Amino acid sequence: MNKQLRNALLYSLLILFAAAFVFPVFVVLINSFKSKLYISSEPFTLPDAESFAGLENYISGLEKTGFLASFGYSLFITVGSVIAIVLFSSMTAWYITRVRNKLTSLLYYAFVFSMIVPFQMVMFSMSKIANILYLDNPIGIILIYLGFGSGLSVFMFSGFIRSIPIEIEEAAMIDGCGSLRTFFLVVFPVMRPTAITVAILNAMWIWNDYLLPYLVIGSDYKTIPIAIQYLRGGYGSVDMGAMMAMLVLAIVPIIIFYLRGQKYIIKGVVAGAVKG
Amino acid sequence: MHNNLKKQFPIFVLPTLAAFLIAFAIPFFMGIYLSLTEFTTITDASFVGVQNYMKAFSDNSFLSALWFTVRFTVVSVITVNIIAFTLAMILTKGLRGTNFFRTVFFMPNLIGGIVLGYIWQIIINGILQYAGVTITFDPKYGFLGLVVLTNWQLIGYMMIIYIAGIQNIPGDLIDASRVDGAGFFDTLKNVIIPMVMPSVTICLFLTLTNSFKLFDANLALTDGAPAGKTTMLALDIYKTFYGRIGYQGVGQAKAVVFFLIAALISLVQLGITRRKEVDV
C-alpha cells in the first residue's frame, strides 16, 4: 500500500473517532439552547426559530439547583482537600520513609492497603462517624478527604522520597536546619513533580466525586455532581432543558482546566497509573 | 541524623493519621463487625453471625448484579483496550496533528461519572426514539449504554499509557524486524506487543478495577432500570443499604464480599507485576 493512501485512511479513521468523541458534548451544548419540548423529540437537530429558547434553560437550571452555590462548594472542597492532602501526606511520607521502625512500616502498609478497598465497604460507618464528630460540613469533609486521599498520596510520595539522596537532607541538618525547615526548604521543593501529580489526581477525583459528599454533606451542601443528580431525583419528571444547561456548566470548567494544564494533567495521570 | 525528626511524630504524622483513622481505618473495622450484626444505626447493632452473608448470597438482586458486573467488565476491558491500543499505534506513526487527536481522545476522562451518565442518556435515548423506546425499555440497551460510556471515558486514558509504552521501544528493533522481512502483523506480534507488555498489564488492571467498581455512571444512566436488571454490584450495595429498611447488615455483608473480590484482583495484579519485574 503506498504511503499517501495509508495516511489518508488513517486520517479518516482518526477524524471519525474524534467526531465520535466530541459529538456527545456537542449534542448537550445545542440542546441546552432548545426549549425542553424539543430536546427529547429531536435531540440531534440544531435549534431553529421555533425550538430556540435562548438562556431560558440556564436561568431555570440555576434557580432549581442553586448551581452557583454548588460551584462554590465544589471549588472550596476540592481546593481545600487538595492542599491538605499534598501538605500532610508529603510530610507523613517523609517521616515514615526516613524514620524506620515497626510503627512506620505498619503505617506504610496500612496506607497502601487502603487503596484497594472500595468505598462501599466503609461508606455507612464513615458517614455515621462524620455525623457524630460534626464533620458534616464543607470544612469537616476536607478531613475525610485527607483520610481517603492519603493512601495513594503517601504511597506516591514515599516512592519518590526513596530516590532522593539522603545526603542533601543530612547536609541541611548539619547546617542547623530543624526537621520542619529541612522538609520545606530542601525536601519539598525536590518533590514538586510528584506534588503536581498528586494534586491533579486528587483534584480530578474530588471535583467529580458524588457518593462521598452526598452521604456526608449532601442534604445541606450540594456539590456540582449532587446538584445534577438532584435535578433528576427531586422533580418527578426531569426538566431536560435545565439538565442540559447544567451539564454544560459542569463541563465547561473541566475543559478550561484541561486545556490550560494539559501537559501536567496527562503526565500526572500516566505517572499515577504506572505507580498505582 | 534523623533523630530530631523522630520526635516530631505529632507534627509530621498525626494529622494524616487522625484523618486516616476517622475516614478509613475505624469505619473499615466497624464495617467488618457490622456485617455480622443487625442494625439500623450503628449504635443498635446486635450480633447475628453469618446470617447477613447467607441472606446476601440468596438475594437474587445481588447475584444478578454480580453476573451483570462480570459480563460488563469483560466486554469493557476487551473493547477499551483493543480500541485504545489501535489508536496508540496510529498516533505513534508521526502523523501531523497527533497532539490534537490525543487531546480530544483524553478529554472525556476528566468528566465525572454523574455528568457522563446524563450526557449518554440523552444520546442513547435520542437514537432509541427512532425505534420508539428508551434506554430503560430493555436491559440490553442499558448494558450497551454502559459499555459505550465506559469506552468513551477510558479509551483516551489507556491510549496515553500505550503511547508511552510504544514510544519506549527502541526504533532500531522495529527497523531490524523490517529488514528481516517481517510484515506489519509479524512485527506487531513478535516485537511490539511483547515490548509493551508492562503497559498492557497496567491497562488491563486499570480498566478491570474501573469497570468493576463503576457506580456514578450506573446511577445516572439507568439507575438499574428496568426492574434492577442493569444494577451493578456497587449500586446494588448502595440500594440495599439505603433503599431497603432492615437490610443494612445485608448491605454491609455484600460490601465485604465486594471488597474481597476487589482485593483478590489487586493481589493477582501485584503477583503479575512482581513476576514481570524479575524477568526484566
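Quantities reported herein were computed from a predicted structural model and do not represent experimental measurements. (Residues numbered from 1 in each chain as written. Chains lettered and ligands numbered in written order. Predicted model: local features only at pLDDT ≥ 70, side-chain atom pairs only at ≥ 80, totals over all residues. Heavy atoms only, no water.)

**Observations regarding the overall build of chain B**
Secondary structure summary: chain B contains 14 helices and 2 strands in total. A principal-axis box enclosing the C-alpha atoms of chain B has dimensions of 75 × 75 × 30 Å. Counting only residues that meet the buried cut, chain B has 54% of its 280 residues in that class. Long-range contacts, defined as pairs at least 24 residues apart, comprise 69% of the intrachain contacts of chain B with a sequence gap of at least 6. Carbon and sulfur atoms provide 67% of the accessible area of chain B, an area that totals close to 12400 Å². (Helix = DSSP H or I, 4+ residues; strand = E, 2+ residues; numbered from the N terminus. Buried < 20%, exposed > 50% of the residue type's maximum accessible area, 1.4 Å probe, protein only. Contact = heavy atoms within 4.5 Å. Areas by Shrake-Rupley, 256 points an atom, 1.4 Å probe, with all protein chains shown as cover.)

**Re the overall build of chain A**
Within chain A, the secondary structure is distributed over 13 helices and 0 strands. In sequence order, chain A lays out its α and β elements as α-α-α-α-α-α-α-α-α-α-α-α-α. Counting only C-alpha atoms and orienting by the principal axes, one finds that chain A spans roughly 75 × 65 × 35 Å. For chain A, long-range pairs separated by at least 24 residues make up 72% of all intrachain contacts whose partners lie at least 6 apart in sequence.

**Describing the packing of helix α9 (residues 171-179) of chain B against helix α10 (residues 184-195) of chain B**
Residue and element names in this part refer to chain B. Put simply, α9 and α10 touch, their axes get as near as 10 Å, and they point 165° apart. It follows from the interaxial angle that α9 and α10 lie roughly antiparallel. In this structure, α9 crosses over α10, and the sense of that crossing is right-handed. In this structure, α9 contributes Leu173, Ile174, Ser177 and Arg178 to the contact, and α10 contributes Thr187, Val191, Ile192 and Met195. Class assignment of the residues belonging to the contact of α9 with α10 gives a composition of 5 nonpolar, 2 polar and 1 charged. (Axes fitted to C-alpha atoms, helices over the stretch in contact; angles between N-to-C directions. Parallel < 35°, antiparallel > 145°, perpendicular 65-115°, else oblique. Left-handed = near helix turned anticlockwise from the far one by under 90°. Nonpolar A, V, L, I, M, F, W, Y, C, P; charged D, E, K, R; others polar.)

**As for the interface of chain B and chain A**
With 88 residues of chain B in contact, the opposing surface of chain A contributes 97 residues. Note on chain B versus chain A: buried area summed over both sides is about 8200 Å², and carbon and sulfur give 79% of it. Remark: the boundary between chain B and chain A carries 1 salt bridge. The residue aspartate 223 of chain B makes a salt bridge to arginine 232 of chain A at a minimum N-O spacing of 3.8 Å. If you look at where chain B meets chain A, you find 17 residue pairs in polar contact (both at pLDDT 80 or more). Residues that form the side of chain B that touches chain A fall into these classes: 64 nonpolar, 17 polar and 7 charged. (Buried area = accessible area lost by both parts, 1.4 Å probe. Salt bridge = Lys/Arg side-chain N within 4 Å of Asp/Glu carboxyl O. Polar contact = N/O pair within 3.5 Å; in protein donor to acceptor, adjacent residues only side chain to side chain.)

**Considering the confidence of the model for chain B**
Per-residue confidence for chain B averages 91 on the pLDDT scale, and 98% of its residues sit at or above 70. The lowest-confidence element of chain B is helix α1 (residues 3-6) of chain B, averaging 80 in pLDDT; the highest-confidence one is helix α3 (residues 14-34) of chain B, averaging 97. (pLDDT = per-residue confidence, 0-100.)

**Looking at the domain arrangement of chain B**
By a frequent convention, interface size equals the accessible area lost on bringing the separate parts together. Residue and element names in this part refer to chain B. According to the domain assignment, chain B consists of domain 1 (3-51) and domain 2 (61-279). Of note, the centres of domain 1 and domain 2, computed from C-alpha atoms alone, are 32 Å apart. Each partner contributes to the interface: domain 1 provides 8 residues, whereas domain 2 provides 7 residues. Of the roughly 580 Å² buried between domain 1 and domain 2, counting both surfaces, carbon and sulfur atoms make up 72%. Applying the counting criterion to the domain 1 and domain 2 interface returns 0 salt bridges. (Domains from an automatic or database assignment.)

**Topic: a nonpolar patch on the surface**
A cluster of nonpolar residues, Val22, Phe23, Phe26, Leu29 and Leu46 of chain A, forms a patch on the protein surface that exposes about 440 Å² of accessible area. Looking at the element boundaries, leucine 46 of chain A is found in the loop between α2 (36-41) and α3 (56-65). (Patch = residues over 30% accessible without salt bridge, like charges linked within 9 Å, V, L, I, M, F, W, Y side chains within 5 Å.)

**Here we look at the nonpolar core**
Counting 181 residues, the largest nonpolar core has Ile228 of chain A together with Phe105 and Met158 of chain B as the members making the most contacts within it. The leading source of residues in this core is helix α13 (residues 240-275) of chain A, at 17 residues. The residue makeup of this core includes at least three contributed by each of domain 1 (3-51) and domain 2 (61-279) of chain B. (Core = buried A, V, L, I, M, F, W, Y, C linked by side-chain atoms within 4.5 Å.)

**Description of helix α6 (residues 123-132) of chain A**
Each full turn of the α-helix corresponds to 3.6 residues, which orients residues three or four apart in the same direction. Residues and elements named next belong to chain A. For α6, the buried fraction is high: 7 of the 10 residues fall into the buried class. For α6, the complete set of buried residues consists of Met123, Phe124, Ser125, Met126, Ser127, Ile129 and Ala130. Immediately downstream of α6, the backbone of tyrosine 134 shows phi near 60°, a positive value.

**What about the packing of helix α7 (residues 140-161) of chain A against α3 of chain B?**
Helices that pack against each other are described as a pair by the angle of their axes relative to one another and the distance between those axes. Where α7 of chain A meets α3 of chain B, the axes come as close as 7 Å, and the angle between the chain directions of the two elements is 95°. Our classification of the angle between α7 of chain A and α3 of chain B gives roughly perpendicular. Touching Leu143, Ile144, Leu146, Gly147, Phe148 and Ser150 of chain A of α7 of chain A are Pro15, Thr16, Ala19, Phe20, Ile22 and Ala23 of chain B, all from α3 of chain B.

**Concerning the side chain of serine 179 of chain A**
Mapping serine 179 of chain A onto the fold places it in helix α9 (residues 179-190). Among residues more than four places away in sequence, those in contact with serine 179 of chain A are Trp94 and Met173 of chain A together with Asn4, Leu5, Gln8 and Phe12 of chain B.

**What about the environment of tyrosine 73 of chain A?**
Residue and element names in this part refer to chain A. Within the secondary structure, tyrosine 73 sits in helix α4 (residues 67-98). It is 34 Å that separates the C-alpha atoms of tyrosine 73 and alanine 19, two residues lying 54 residues apart in sequence. Among residues more than four places away in sequence, those in contact with tyrosine 73 are Pro138, Tyr221, Lys222 and Thr223.

**Observations concerning unusual backbone geometry**
The residue after alanine 225 of chain B, namely proline 226 of chain B, is reached through a cis peptide bond having omega 0°. Mapped onto the fold, proline 226 of chain B is located in the loop between α12 (216-221) and α13 (233-243). Backbone geometry at tyrosine 134 of chain A places phi at a positive 60°, although glycine is not the residue there. If you trace the backbone, tyrosine 134 of chain A turns up in the loop between α6 and α7. On the basis of relative accessibility, which here comes to 68%, the residue tyrosine 134 of chain A falls in the exposed class. The backbone phi angle of aspartate 223 of chain B is positive, close to 50°, even though this residue is not glycine. A relative accessible area of 29% means that aspartate 223 of chain B is categorised as partly exposed.

**Regarding the packing of aromatic side chains**
Residue and element names in this part refer to chain B. Summed over all chains, the structure comprises 40 aromatic pairs over all chains. Considering the side-chain rings of phenylalanine 28 and phenylalanine 259, the 5.3 Å spacing of their centres and the 85° angle between planes classify their relative orientation as edge-to-face. Of the two residues, phenylalanine 28 is situated in helix α3 and phenylalanine 259 in helix α14 (residues 248-279); the sequence distance between them amounts to 231 residues. With a relative accessible area of 8%, phenylalanine 259 lands in the buried category. (Phe/Tyr/Trp six-rings, centres within 6.5 Å; stacked < 30°, edge-to-face > 60°.)

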